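Listed below, chain by chain, are the residues.
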Amino acid sequence: MIAPQRPAAVEPPRAGRRVEGLVVAAYRRHYTVELDDRTPIDCVIRGRSLQLACGDRAALLRTGSGTGVIESVGTRGSLFYRSDLFREKLIAANVTQVVGVVAPDVALDENLLNRWIVAAAAEGCAFVLAANKADLPDHSALLARLKPYAAFGIEPLSLSAKRDVHPLLAELAGKRSVLIGQSGMGKSTIINAVAPSAAARTAEVSRALKTGRHTTTSTALYRLPDCDDWIVDSPGMKVFGLAHYPPDAIVHAFVELRPYEGHCRFTDCRHDREPGCAVQVAVSDGAIAPQRLALLHDLVRESEAVRDPRNRSKS
Ligand code: GDP
Ligand code: ZN
């Protein structure tokens, strides 16, 4: 009797296989997805409606040994992005912490800083305010300027990324972070110091995206050494619209207003010019910063503008 032949172990064809991975680089509609064995796959996206960001879990169809087409995105725990009437830009998905970087030698845009803080609160993320370049003489003046942020639970973390990044490393442990800051604050310095793989990855990503020119405007995710944590570096941005949040969510993301919830005469009070508004009283008593209330009104107006059917054609 002839023994039945064992079928030879067939290596599944690489192309046509469906796999999953982590989005580690994004530039326009091109993405690098890292499979769980850390193999990088250059991907494009199927369909116009799908949008992804670094930190997303992507399901893709392999089209070659190092290429694929993204077909779907996993459920997100959080999504950090900016949007206004004209465009929207995804920055990072599934982050648990936002790290804003400021420094004494670059003019600080506090409106922008507060928008990051509000976005973090709206996504249920922690916020770390990294006050970089502690070695510069003006650093103490920067810290003095940031003192009022303690009123909503934000104490700056002093840091000199060039000399020692350890104070920040401790904050990154156990978190998935996104780093945000105006250009020149020291984001690249921080990324290179916290993620030793960063320099190598920058080169790899620019090769994958077939152009080195765009690395500064693309977004990339870096794994932190010896753990599952990671950090997403975002390009420096001058504007940060939060129009994707409905007005109620925006009000709720101003944490210092929460103790006044239900104290205004009108239940739907927007804390603007309504009579009997507890928040406006708190502002005149100095308990709430007037700039924060002004920002709240700007954000609510921006949110209402994108929801106004008369503006539909512009979006
Ligand atoms: P990015 O635009 O936010 O990525 O900023 P960079 O990382 O390119 O840094 C901008 C400039 O600040 C560079 O000249 C850095 O060398 C410098 N820089 C970064 N961190 C520090 C620091 O801790 N102390 C000082 N004195 N300079 C720093
Ligand atoms: Zn009110």
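Coordinates for the structure precede this section.
Here the structure is a predicted model, which means the values were calculated and not measured. (Residues numbered from 1 in each chain as written. Chains lettered and ligands numbered in written order. Predicted model: local features only at pLDDT ≥ 70, side-chain atom pairs only at ≥ 80, totals over all residues. Heavy atoms only, no water.)

J.: Can you lay out the packing of helix H1 (residues 110-122) against helix H8 (residues 290-307) for me, pointing to particular residues and giving the numbers?
T.: Contact pair H1 / H8: the axes reach a minimum separation of 11 Å and the direction vectors enclose 70 degrees. By the angle class used here, H1 and H8 are roughly perpendicular. H8 is crossed by H1, and the crossing has right-handed handedness. Mapping the contact onto sequence places Asn111, Asn114, Arg115, Ile117 and Val118 in H1 and Arg292, Leu295, Asp298, Leu299 and Glu302 in H8. The residue makeup of the contact of H1 with H8, split by class, is 4 nonpolar, 2 polar and 4 charged. (Axes fitted to C-alpha atoms, helices over the stretch in contact; angles between N-to-C directions. Helix = DSSP H or I, 4+ residues; strand = E, 2+ residues; numbered from the N terminus. Parallel < 35°, antiparallel > 145°, perpendicular 65-115°, else oblique. Left-handed = near helix turned anticlockwise from the far one by under 90°. Contact = heavy atoms within 4.5 Å. Nonpolar A, V, L, I, M, F, W, Y, C, P; charged D, E, K, R; others polar.)

J.: Pulling in residues and values, what's your account of the coordination of the zinc ion (ligand 2)?
T.: Around the zinc ion (ligand 2), the protein supplies Cys264 (SG), Cys269 (SG), His271 (ND1) and Cys277 (SG) as donor atoms, at distances of 2.1 to 2.4 Å. One can describe the site at the zinc ion (ligand 2) as tetrahedral: its 4 donor atoms subtend angles covering 101 to 113 degrees at the metal. Positions of the donor residues of the zinc ion (ligand 2), expressed as sequence spacing, correspond to C-x4-C-x1-H-x5-C. Accessibility classification places Cys264 together with His271 in one group, the buried group. (Donors = N, O, S within 2.8 Å, 3.2 Å for Na, K, Ca; no water. Tetrahedral: all angles 85-135°; square planar, octahedral: opposite > 155°, others 65-115°. Buried < 20%, exposed > 50% of the residue type's maximum accessible area, 1.4 Å probe, protein only.)

J.: Tell me what's going on with the nonpolar core, and back it up with residues and numbers.
T.: As a rule of thumb, soluble globular proteins bury nonpolar side chains together. Counting 89 residues, the largest nonpolar core has Ile70, Phe80, Leu113, Phe127, Leu146 and Phe240 as the members making the most contacts within it. Per-element tally for this core: the top contributor is H1, with 7 residues. By size, the runner-up hydrophobic cluster in this structure holds 5 residues, among which are Ala53, Leu79, Tyr81 and Ala93. (Core = buried A, V, L, I, M, F, W, Y, C linked by side-chain atoms within 4.5 Å.)

J.: Could you give me a rundown of the site of ligand 1, with the residues and numbers involved?
T.: Asp135, Gly184, Lys187, Ser188 and Thr189 are the nearest of the 15 residues found near ligand 1. Between ligand 1 and Ala161, the relevant distance is 3.0 Å, taken from an oxygen atom to a main-chain nitrogen or oxygen of the residue. A distance of 3.4 Å is found between an oxygen atom of ligand 1 and a backbone nitrogen or oxygen belonging to Met185. Considered on its own, ligand 1 offers 580 Å² of accessible surface; in the complex 72% of this is hidden by protein. Grouping the amino acids of the shell around ligand 1 by side-chain chemistry returns 3 nonpolar, 8 polar and 4 charged. (Near = heavy atom within 4 Å. Polar contact = N/O pair within 3.5 Å; in protein donor to acceptor, adjacent residues only side chain to side chain. Areas by Shrake-Rupley, 256 points an atom, 1.4 Å probe, with all protein chains shown as cover.)

J.: Describe the packing of aromatic side chains, with residues and values.
T.: One pass over the full model with this rule turns up 2 aromatic pairs. Note on Phe80 and Phe240: the rings are 5.4 Å apart at their centroids and 35 degrees apart in plane angle, and the pair reads as tilted. Within this pair, whereas Phe80 is found in strand E6 (residues 79-83), its partner Phe240 is found in the loop between strand E13 (230-233) and helix H6 (247-252), the two being separated by 160 residues in sequence. A single burial state applies to Phe80 and to Phe240, both of which are buried. Here the aromatic rings of Tyr149 and Phe152 are separated by 5.5 Å at their centres, their planes lie at 70 degrees, and the arrangement is edge-to-face. In this structure, Tyr149 and Phe152 share a single accessibility class: buried. Sitting above the plane of the Phe152 ring, Arg292 keeps its charged end 3.8 Å from the centroid. (Phe/Tyr/Trp six-rings, centres within 6.5 Å; stacked < 30°, edge-to-face > 60°. Lys NZ or Arg CZ within 6 Å of the ring centre and 35° of its normal.)

J.: Which residues make up the pattern of salt bridges, and what values do they have?
T.: Following the criterion strictly, the structure yields 16 salt bridges and no others. Linking Arg270 and Glu304 is a salt bridge whose minimum nitrogen-to-oxygen distance equals 2.8 Å. With Arg270 in the loop between H6 and helix H7 (278-284) and Glu304 in helix H8, this residue pair connects regions lying 34 residues apart in the sequence. Of the charged contacts, one joins Arg301 and Asp298 as a salt bridge, the two residues approaching to 2.9 Å between their closest N and O atoms. One end of the pair, Arg301, and the other, Asp298, are both in helix H8, 3 residues apart, so they sit about a helical turn from each other. The exposure class assigned to Asp298 is partly exposed, which follows from its relative accessible area of 29%. (Salt bridge = Lys/Arg side-chain N within 4 Å of Asp/Glu carboxyl O.)

Interpretation in functional terms is not warranted from these geometric data alone.
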